[in-house]
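If you want the building blocks of each chain, they are given just below.
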Amino acid sequence: MSSKLLAIFITFLLGYGVASYQSARAELKEELNDYQREILIASRLLEEYGEICAKSKHSNFSPYVEHAISRYELLVKKSEGFPYLMGENFIFDHEESVFEFKEKTGKIRKAVSSCKET
């Protein structure tokens, strides 16, 4: 009787562990995808500010975008290690996005700094 109870208990613990692991991975994937979409939209707005040389709007909004990119990059690095162990292609795609976002904000910053004072 006690061995059956122990087996049921161990099975429950293993099942719970697997479910928690899958849940944590799914949450991180969703958070990464959310950040990617959020940064894409925010960087587009930042680009609009750069195109119209709205320096004050750019300087107010730029820290938000830069912080979001930094947070996104940290989450990508987090996804590489234990316990998440995301796939290589998944990580590569997100690392590529981080690079593109950083490059884009750098170009926008240069464009805004070359704007003439009005």
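Basis of the calculations
Residues numbered from 1 in each chain as written. Predicted model: local features only at pLDDT ≥ 70, side-chain atom pairs only at ≥ 80, totals over all residues. Heavy atoms only, no water. Disulfide = S-S within 2.5 Å. Helix = DSSP H or I, 4+ residues; strand = E, 2+ residues; numbered from the N terminus. Buried < 20%, exposed > 50% of the residue type's maximum accessible area, 1.4 Å probe, protein only. Axes fitted to C-alpha atoms, helices over the stretch in contact; angles between N-to-C directions. Parallel < 35°, antiparallel > 145°, perpendicular 65-115°, else oblique. Left-handed = near helix turned anticlockwise from the far one by under 90°. Contact = heavy atoms within 4.5 Å. Core = buried A, V, L, I, M, F, W, Y, C linked by side-chain atoms within 4.5 Å.

(A) Region of interest: the state of the cysteines. With the rule as written, the count across this model stands at 1 disulfide. Residue pairing for C53: its cysteine sulfur links by disulfide to C115, the two sulfurs lying 2.0 Å apart. One disulfide, between C53 and C115, carries an S-S torsion of -75 degrees and so falls in the left-handed class. Remark: C115 occurs in the segment after α3 (88-113) and C53 occurs in the loop between α1 (2-51) and α2 (55-80); sequence separation between them is 62 residues. Using a relative accessible area of 11% as the deciding quantity, one classes C115 as buried.

(B) Highlighting the environment of E88. Tracing the chain through its elements places E88 in helix α3. Judged by its relative accessible area of 72%, E88 falls in the exposed class. As a C-alpha pair, E88 and L45 span 43 residues in sequence and 31 Å in three-dimensional space.

(C) Examining the packing of α2 against α3 more closely. Taken N-terminus to C-terminus, the directions of α2 and α3 make an angle of 160 degrees; their axes are 10 Å apart at the nearest point. Between α2 and α3, the crossing angle belongs to the class labelled roughly antiparallel. Crossing handedness for the pair α2 and α3: left-handed. The segment α2 lies against α3, with K55, H58, V65, E66, I69, Y72, E73, V76, S79 and E80 engaging I91, H94, E95, S97, V98, F101, K102, T105, I108, R109, V112 and S113.

(D) Quick look at the side chain of T105. Topologically, T105 is positioned in helix α3. Assessed through its relative accessible area of 7%, T105 is described here as buried. Setting aside residues no more than four positions away along its own chain, T105 makes contact with L46, V65 and I69.

(E) The arrangement of the nonpolar core in detail. With 23 residues, the main nonpolar core has L32, I39 and Y72 as its most contacted residues. When contributions to this core are tallied by element, the ones reaching two or more residues are α1, α2 and α3. Setting aside anything within four residues of it in sequence, one finds L32 in contact with Y72, L75, V76, S79, F90 and H94.

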